[in-house]
Amino acid sequence: KKEIMKHNNDFKYDLKVGQVKEKELASILEGSTIEVKYDLQALDTGNVFVEYYNLRSNKPSGISTTESDYYCFAIQDTFHIIKTSVLKERCRKHYKTNKDVLGGDSNTSKGILLTIKELI
């Protein structure tokens, strides 16, 4: 059960809410598979690149084939963890739009440009 964060000046309440999130993060890190992507350009572009197809092998790749429960985007010194199923939903609406672009090494991959705001 997720708790909805409300603004509250009560330290005990804030502590309780924080502890719920600590347990949630611990369960992700201890019991899940996580694919980590380090996006060096994300802060400059405002987007992360979510690969789904490799043009060299002519096969689905990245998010299309992952078996990970979560994706983690490392953006400089921060880590943004998202359920793979949620990330797929957020990317799907951009398939075959102007956010469906070539990228990766030498533009040999197809992927979705997802804004950092949409990621978070």
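Caption draft 1: Spotlight on the packing of aromatic side chains. Within the structure shown, the criterion is met by two aromatic pairs. Geometrically, the ring pair formed by Tyr52 and Tyr95 is edge-to-face, given 5.7 Å between the ring centres and 75 degrees between the ring planes. Here Tyr52 is found in strand 2 (residues 47-54), whereas its partner Tyr95 is found in the loop between helix 3 (84-92) and strand 6 (100-103), with 43 residues between them in sequence. Relative to Phe73, the ring of Tyr71 has its centre 5.9 Å away and its plane inclined at 40 degrees; by these criteria the two rings are tilted. By the burial criterion, Tyr71 is buried, and Phe73 matches it. Here Lys110 stacks its cationic end above the ring of Tyr53, 5.9 Å away from the centre of that ring.

Caption draft 2: Spotlight on the pairing of strand 5 (residues 78-83). As paired strands, strand 4 (residues 70-75) and strand 5 are joined by six bridges and run antiparallel to one another. When the bridges of strand 5 are listed, Cys72 appears paired with Ile81.

Caption draft 3: Spatial organisation of the nonpolar core. Within the largest apolar cluster, 15 residues are counted, with the highest numbers of intra-cluster contacts made by Val48, Val50, Phe73, Ile75, Leu87, Leu114 and Leu119. Elements represented by at least two residues in this core include exactly strand 2, strand 4, helix 3, strand 7 (109-115) and helix 4 (116-119). When sequence neighbours within four positions are dropped, the list of residues in contact with Ile75 reads Asp39, Ala42, Leu43, Val48, His80, Ile116 and Leu119.

Conventions we followed
Residues numbered from 1 in each chain as written. Predicted model: local features only at pLDDT ≥ 70, side-chain atom pairs only at ≥ 80, totals over all residues. Heavy atoms only, no water. Phe/Tyr/Trp six-rings, centres within 6.5 Å; stacked < 30°, edge-to-face > 60°. Helix = DSSP H or I, 4+ residues; strand = E, 2+ residues; numbered from the N terminus. Buried < 20%, exposed > 50% of the residue type's maximum accessible area, 1.4 Å probe, protein only. Lys NZ or Arg CZ within 6 Å of the ring centre and 35° of its normal. Pairing = 2+ DSSP bridges. Core = buried A, V, L, I, M, F, W, Y, C linked by side-chain atoms within 4.5 Å. Contact = heavy atoms within 4.5 Å.

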